[in-house]
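# Chain and residue survey
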Amino acid sequence: MTSHPNNCSSRIVGIQCPKCGCRHFLTTHTEPLRDGRIRRRKRCRHCDRKIITFEATEQLKRASDR
Ligand SMILES: [Zn+2]
């Protein structure tokens with residue numbers, strides 16, 4: 001099985017550009033939030049549409065009660 005020719009370095013799946021529907025984004029900024037999430041600013045490669053995604057890290061699940 002050959003790899004996709006347009007395989008992006010980003011591992012994020014399920015995110016589509018709301019404008020052109022493509023899935024190729026360039027991460028322009030990554031910023032960890034204090035609540036454990038990661039905010040990423042991305043820009044569509046095709047139409048330069050800017051989006052912001054919030055990602056929850058796996059460590060957040062490990063944060064048990066105290
Ligand atoms: Zn786009």
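Here, every reference points to the structure presented above.
Below is a summary of the structure that appears in this document. (Residues numbered from 1 in each chain as written. Predicted model: local features only at pLDDT ≥ 70, side-chain atom pairs only at ≥ 80, totals over all residues.)

With that settled, the discussion passes to unusual backbone geometry. A positive phi is found at Asp48, a non-glycine position, where the angle reads about 60 degrees. Relative to the elements of secondary structure, Asp48 occurs in the loop between β2 (37-44) and β3 (50-56). By the C-beta count within 10 Å, which is 11 here, Asp48 ends up exposed. (Helix = DSSP H or I, 4+ residues; strand = E, 2+ residues; numbered from the N terminus. Buried ≥ 20, exposed ≤ 12 C-beta atoms within 10 Å, placed from the backbone.)

This paragraph deals with the environment of Thr27. Positionally, Thr27 belongs in strand β1 (residues 25-32). By C-beta crowding, Thr27 is classed as partly exposed, having 13 other C-beta atoms within 10 Å.

A separate point is the environment of Cys17. Structurally, Cys17 can be placed in the segment before β1. We classify Cys17 as partly exposed; it has 19 C-beta atoms within 10 Å. Along the primary structure Cys17 and His46 are separated by 29 residues, whereas in three dimensions their C-alpha atoms are 9.2 Å apart.

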